[in-house]
Amino acid sequence: MLLAVGTVIVFVGGTRLALTGGFEMLVKPLLSDYVDRLAAEVGSPPDVSHAQALTERLPIAVRIDGPTVNWNSHPGKNLGWGPQRAEDDLTSVLTRTTADGHRIRFGLGNMVWHERHPWMGAAPLVGLLLLTLAAYATVRRIFRPLDDIRAGALRYGEGDFSRPIPMRRHDELGDLASQVNAMATGLQGMLKGQRALLLAISHELRSPLTRARLNAELSAESTERQALLRDLALMSELITDLLESERLAAGTAALKREATDLNTLVREVVATGFGGQALQLTLDDELPPLLLDRPRATMLVRNLVDNACRHGAGGPVTVSTRVDGDCVLLTVRDHGPGVPEDQLSRLAEPFYRPDVARTRAVGGVGLGLYLCRLVAQSHGGTLALRNASPGLEVSVRWPV
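No experiment lies behind these values; they were computed from the predicted model shown.

K.L.:
I'd like a description of unusual backbone geometry, backed by residues and values.
P.N.:
In this structure, the amide linkage connecting S44 to the following residue, P45, adopts the cis form with an omega of 0°. Here P45 shows up in the loop between α1 (2–42) and α2 (48–57). Across the junction of S389 and P390, the peptide omega takes the value 5°, indicating a cis bond. Along the polypeptide, P390 turns up in the loop between β10 (382–387) and β11 (392–399). Backbone geometry at S389 places phi at a positive 50°, although glycine is not the residue there. Considering the arrangement of structural elements, one finds S389 in the loop between β10 and β11.

Here it is, written out as structure tokens:
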């Protein structure tokens, strides 16, 4: 539309400038000579019959004002005649004064052409609009590969390498799409290699850890033995969480979904692992069943409740569920010191623990919330954290 408006302005302005100069140099002399011939045909003194014959033969109007003859070929139509002005070149060109003092004015008669073809005036504008739409469609087709490249870059940034960028062209944009696809293939290979190495190391560490734990349990009771068993348990937990995070990185492919009542799952987690904790359950009885990977959903609820109990400073922990639009919302809140706002966005990153609220003294390896985020995302949901003042509130949104 801007192109159309700009084109009209430039065209009209340029045409006006061209016609202004052309009128003085070309049109005015020709029109003046033609009006002289018409005035001579009317005669002096003016002959009304000659003027009438002109208006019948030509699409013009004639008006005669003078001492003896006063006649108007179109008395019922306003032809725009007004007082003659010296600066009005067109009026002066179309007006002649005879020797006997009569003034003859010429103008356009009935606009028969416009009456017969009323649509012709809009035809250029319609054509210009069609040309603009065609130009827009052409430009969109030319730059459509950029939309594909943008969508592909967003998918690759989220770790989705399942669909490459489609190759629609064989020009510079097609080469760019091919190079981005090649880069994504290389990144995918690197990530697969790293994950394979991590999984291999984790699996290989399980056997020596099991033997070390067995030897520690067979040793004599002492403070060192208890510290060693705690460290071995922490290492085993770390390996388990690493293996689970790599499995969840595959997305929905790692899930085995089944219809699950979220309220029942929450009650089971609380009853089996947190019987002695001060937990407040606010569960909506109208929840629809959800398609969840039950073991991983159980791990998510357990991690959130355990995290709230360990960092809640002994205060009550609230677990609630409710329907929120087309989703089910699970919320776990503690009443502890919370987390500094500048560190809140990093809380669900792997191995990240703020110095204030999460230290090695209270246990954990910094993978709990990270695993919860992976579980939520693999189910098509989201995990959000906010300071509830007091305490930290974690919300998981499950799609129905």
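Moving on, there is more to tell.
K.L.:
Before we move on, can you summarise helix α11 (residues 368–378) with the specific residues and values?
P.N.:
Each turn of an α-helix holds 3.6 residues, which means side chains three or four residues apart point in the same direction. Burial analysis of α11 places eight of its 11 residues in the buried class, the great majority of the element. Those residues of α11 that sit buried are L369, Y370, L371, C372, L374, V375, A376 and S378. Residue G380 follows α11 closely and has a positive phi angle near 85°.

K.L.:
Can you tell me about the nonpolar core, naming the residues and giving the values?
P.N.:
Counting residues in each nonpolar core, the largest one holds 44 residues, and the members touching the most others are L262, L300, L330 and W398. Here this core takes eight residues from helix α9 (residues 294–311), the largest share from any one element. If we ignore the near neighbours within four places in the chain, the residues touching L330 are L262, V266, L300, V301, V319, S320, T321, V394, S395, V396 and W398. With 14 residues, the next largest nonpolar core counts A51, V62, I64 and F106 among its residues.

K.L.:
How would you summarise the sheet that holds strand β4 (residues 103–108) if you had to cite specific residues and measurements?
P.N.:
With antiparallel pairing, four strands are arranged side by side in an open sheet as β2-β1-β4-β3. Each having just a single partner strand, β2 (71–72) and β3 (95–97) make up the two edges of the open sheet. Two elements, strand β1 (residues 60–65) and β2, share two bridges in a ladder whose sense is antiparallel. Bridging from a neighbouring strand, I64 pairs with W71 of β2. In the packing of α2 onto the sheet, contacts are made with β1 and β2, and the angle to β1 comes to roughly 160°.

K.L.:
An account of the packing of α9 against α11 is needed here, citing residue identities and associated values.
P.N.:
Running from N to C, α9 and α11 cross one another at 145°; their axes reach a closest spacing of 9 Å. Once α9 is placed against α11, the crossing between them reads as left-handed. For the pair α9 and α11, contact is made by R296, A297, M299, L300, N303, L304 and N307 and by G368, L369, L371, C372, V375 and A376, respectively. For the contact of α9 with α11, the per-class residue count stands at nine nonpolar, three polar and one charged.

K.L.:
Quick rundown of helix α8 (residues 262–273)? Include the residues and the values.
P.N.:
Between its first and last C-alpha, α8 extends 17 Å over 12 residues, near the 16 Å set by a 1.5 Å rise per residue. Those residues of α8 lying buried are L262, N263, L265, V266, V269 and V270. The arc enclosing the buried residues of α8, seen along the axis, measures out at 165°, which places them on a common side. Along α8, the residues that are exposed and aim more than 90 degrees away from the buried face are A271 and T272.

K.L.:
Tell me what's going on with the pairing of strand β9 (residues 327–333), and back it up with residues and numbers.
P.N.:
With six of its seven residues buried, β9 lies for the most part within the structure. Relative to β9, strand β8 (residues 317–324) is paired through seven bridges, and the arrangement is antiparallel. Bridge pairing in β9 places V319 opposite V332. Bridge count between β9 and β11: seven bridges; the pairing is antiparallel. Bridge assignment links L329 to a residue of β11, and that residue is R397.

K.L.:
Describe the side chain of N387, and please don't skip the residues or the numbers.
P.N.:
Within the secondary structure, N387 is located in strand β10. Overall, N387 belongs to the buried group, its relative accessible area being 16%. In terms of polar contacts, N387 uses its side chain to reach the backbone carbonyl oxygen of V339, at 2.6 Å. Separated by 2.9 Å, the side chains of N387 and E341 make a polar contact.

Reading the values: rules and limits
Residues numbered from 1 in each chain as written. Predicted model: local features only at pLDDT ≥ 70, side-chain atom pairs only at ≥ 80, totals over all residues. Heavy atoms only, no water. Helix = DSSP H or I, 4+ residues; strand = E, 2+ residues; numbered from the N terminus. Buried < 20%, exposed > 50% of the residue type's maximum accessible area, 1.4 Å probe, protein only. Core = buried A, V, L, I, M, F, W, Y, C linked by side-chain atoms within 4.5 Å. Contact = heavy atoms within 4.5 Å. Pairing = 2+ DSSP bridges. Axes fitted to C-alpha atoms, helices over the stretch in contact; angles between N-to-C directions. Left-handed = near helix turned anticlockwise from the far one by under 90°. Nonpolar A, V, L, I, M, F, W, Y, C, P; charged D, E, K, R; others polar. Expected span 1.5 Å × (residues − 1). Arc of directions from axis to C-beta. Polar contact = N/O pair within 3.5 Å; in protein donor to acceptor, adjacent residues only side chain to side chain.

Functional significance is not addressed by these values, which are geometric in nature.
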